[in-house]
Amino acid sequence: TVKKVEQIEAKLESIDDAAQEEYDKIAVELTESINRSNNEMDIDLERLRRFLHANSAKIPEDTTYDQIVDEQALPFVERRKLEAKEIYVNSLKYLEESDEKMNETCKNIIEFLKSLATKYDKGKEELKATDFQFNVKLAQCADTNYDSIDDQEENLNKNIDQMKKAIHHVELNQKLNE
C-alpha cells in the first residue's frame, strides 16, 4: 500500500513539474506581451509626435510639439504602462500562489495517504500475527481437549471394567448362595 502511495506521489510530482513548466511558459508569454504592448505604446507616441509635426498643428508660440506630447499624452501612456506592469505582477503573483497552494495541497494529501497506508499495512501485519496466534491457541486447545478426552476415555474404560467385575462378583456370590 505504501508503494502505491509512493507511485501516486511520483505521478503528482510529475504533474507538478509539468504545471510549473506551463506556469513558466505563461509568465514568459505575459512578459513578452507586456513588452510588446509597451513598445507599441512608445511607437504610437512617436507617431503622434510625427503627426503633429507633419500636419503643422497650431500651437502657442512658446510651446513645442514635444512639450504637448510630453504633457498630455506621455502621462496617459506612462499610466497605462504602470497599469500593465501591475497586472503583470499580480498575474505572476497569482500564478505563484496557485502553484504553491496546489503543491502544498498535494503534499498534504500524499502525507495523509502515506500515514493511512502505513497504518493499513501495520494493521494487516497485526491481523496476520493475531490470526497466527489464534491458530496456535486453537491448536493448543485442541491438543488439550484431545488429551482430556483420552484421559476421560481411559477413566471410563476403568469404570466399565470395575463395574463388570462388580457385576461378576455379585453373580458369583448369588451362585455361591444357591
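Model, not experiment: these values are computed from the prediction.

J.: Describe a negative patch on the surface, and please don't skip the residues or the numbers.
T.: A grouping of Asp-143, Asp-147, Asp-150, Asp-151 and Glu-153 is seen on the molecular surface, where their side chains present a negatively charged patch. With respect to the helices and strands, Asp-151 occurs in helix H2 (residues 65–177).

J.: Help me get a handle on the pattern of salt bridges, residues and values and all.
T.: In total, this model carries 10 salt bridges according to the counting rule given. Lys-114 is the partner of Glu-9 in a salt bridge, and the nearest nitrogen-oxygen pair spans 3.2 Å. Residue Glu-9 is found in helix H1 (residues 2–54), and its partner Lys-114 is found in helix H2; the two are separated by 105 residues along the sequence. Note on Lys-114: relative accessible area 24%, which makes it partly exposed. Between Asp-42 and Lys-81 there is a salt bridge, and its shortest N-O distance comes to 2.5 Å. In this pair, Asp-42 is assigned in helix H1 and Lys-81 in helix H2, connecting sequence segments 39 residues apart. The class of Lys-81 is buried, set by a relative accessible area of 17%.

J.: Explain the packing of H1 against H2 to me, using residue names and the numbers behind them.
T.: Interaxial distance between H1 and H2 falls to 11 Å at its minimum, and their mutual angle equals 180 degrees. Relative to H2, the element H1 is oriented roughly antiparallel. Looking at side-chain class alone, the contact of H1 with H2 contains 27 nonpolar, 8 polar and 11 charged residues.

J.: Kindly report on the side chain of Arg-49, identifying the contributing residues and their values.
T.: Mapped onto the elements, Arg-49 comes out in helix H1. In this structure Arg-49 comes out as buried when scored by relative accessible area, which is 14%. Setting aside anything within four residues of it in sequence, one finds Arg-49 in contact with Asp-66, Val-69 and Asp-70.

J.: Got a sec to walk through the nonpolar core? Specific residues and values, please.
T.: Counting 7 residues, the largest nonpolar core consists of Met-41, Leu-45, Leu-52, Tyr-65, Val-69, Ala-73 and Val-77. Residue contributions to this core peak at 4 residues, all from H2.

The rules behind each value
Residues numbered from 1 in each chain as written. Predicted model: local features only at pLDDT ≥ 70, side-chain atom pairs only at ≥ 80, totals over all residues. Heavy atoms only, no water. Patch = residues over 30% accessible without salt bridge, like charges linked within 9 Å, V, L, I, M, F, W, Y side chains within 5 Å. Areas by Shrake-Rupley, 256 points an atom, 1.4 Å probe, with all protein chains shown as cover. Salt bridge = Lys/Arg side-chain N within 4 Å of Asp/Glu carboxyl O. Lys, Arg positive; Asp, Glu negative; His and termini not counted. Charge placed at Lys NZ, Arg CZ, Asp CG, Glu CD. Helix = DSSP H or I, 4+ residues; strand = E, 2+ residues; numbered from the N terminus. Buried < 20%, exposed > 50% of the residue type's maximum accessible area, 1.4 Å probe, protein only. Axes fitted to C-alpha atoms, helices over the stretch in contact; angles between N-to-C directions. Parallel < 35°, antiparallel > 145°, perpendicular 65-115°, else oblique. Nonpolar A, V, L, I, M, F, W, Y, C, P; charged D, E, K, R; others polar. Contact = heavy atoms within 4.5 Å. Core = buried A, V, L, I, M, F, W, Y, C linked by side-chain atoms within 4.5 Å.

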